[in-house]
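What follows is each chain in one-letter form.
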Amino acid sequence: MQSHARLNTDKAARYMTQLAKHWSHRFEVALDATSARIPLPVGTCVMLAEPDGLNVTVEAAELDSLARLEDVVAEHLLRFAFREPVARLAWTRAWEAGRIDPPTLRINRVMS
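Residues numbered from 1 in each chain as written. Predicted model: local features only at pLDDT ≥ 70, side-chain atom pairs only at ≥ 80, totals over all residues. Heavy atoms only, no water.

(A) Structural view of the side chain of serine 65. Tracing the chain through its elements places serine 65 in helix α2 (residues 63–80). Using a relative accessible area of 18% as the deciding quantity, one classes serine 65 as buried. (Helix = DSSP H or I, 4+ residues; strand = E, 2+ residues; numbered from the N terminus. Buried < 20%, exposed > 50% of the residue type's maximum accessible area, 1.4 Å probe, protein only.)

(B) The arrangement of the nonpolar core in detail. Counting 30 residues, the largest nonpolar core has Met47, Leu54, Val56 and Val73 as its most contacted members. Mapped by element, the contributors of at least two residues to this core are β1 (2–8), α1 (12–24), β3 (35–40), β4 (43–50), β5 (53–59) and α2. Counting residues per element, this core draws most heavily on α2, which supplies 8 residues. Those residues in contact with methionine 47 that lie beyond four places of it in its chain are Met16, Leu19, Thr34, Ser35, Ala36, Ile38, Leu54, Asn55 and Val56. (Core = buried A, V, L, I, M, F, W, Y, C linked by side-chain atoms within 4.5 Å. Contact = heavy atoms within 4.5 Å.)

(C) Representation of α1. With 13 residues, α1 should cover 18 Å at 1.5 Å per step; its first-to-last C-alpha distance of 18 Å lies within 8% of that length. When we look at burial in α1, the residues that qualify are Ala12, Tyr15, Met16, Leu19, Ala20 and Trp23. For α1, the angular spread of the buried residues around the axis is 130°, confining them to a single face. Residues of α1 that are buried make contact with β1, β2 (30–31), β3, β4, β5 and α2. (Expected span 1.5 Å × (residues − 1). Arc of directions from axis to C-beta.)

(D) Examining the pattern of salt bridges more closely. By the definition in use, this model includes 4 salt bridges. Across the pair aspartate 52 and arginine 6 runs a salt bridge, and its minimum N-O distance is 2.8 Å. You can see aspartate 52 sitting in the loop between β4 and β5 and its partner arginine 6 sitting in strand β1, a full 46 residues away along the chain. Classification of aspartate 52 as partly exposed rests on a relative accessible area of 48%. Residue arginine 6 is classed as partly exposed on the basis of its relative accessible area of 31%. With its nearest N and O atoms 3.2 Å apart, the salt bridge here joins aspartate 10 to lysine 11. Residue classification places aspartate 10 among the exposed positions, given a relative accessible area of 61%. (Salt bridge = Lys/Arg side-chain N within 4 Å of Asp/Glu carboxyl O.)

By themselves, these figures tell us nothing about what the structure is for.
This is the structure:
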């Protein structure tokens, strides 16, 4: 299962790089100027930096792992992007063969 989110920002490459380097001390991160792939214990995070935003895709085998991954990635990413006018990421879940399941649009949990 996959879930997708987008952070509209002109600092996409900066945030992607920060997050990738943050996790590179514990995981085998692949990073270049426009993309990053981070294998995490519960799944994988892939980021693509564009001039006007950061596309984030997380993938996990189980639904509860996917939800946890959405929360962990959003929490870290939004901590780096604290100057951006966004408090949460909206995730859209996609299933096999690219089918999007609209009822599963999910906003990451509120951080305390």
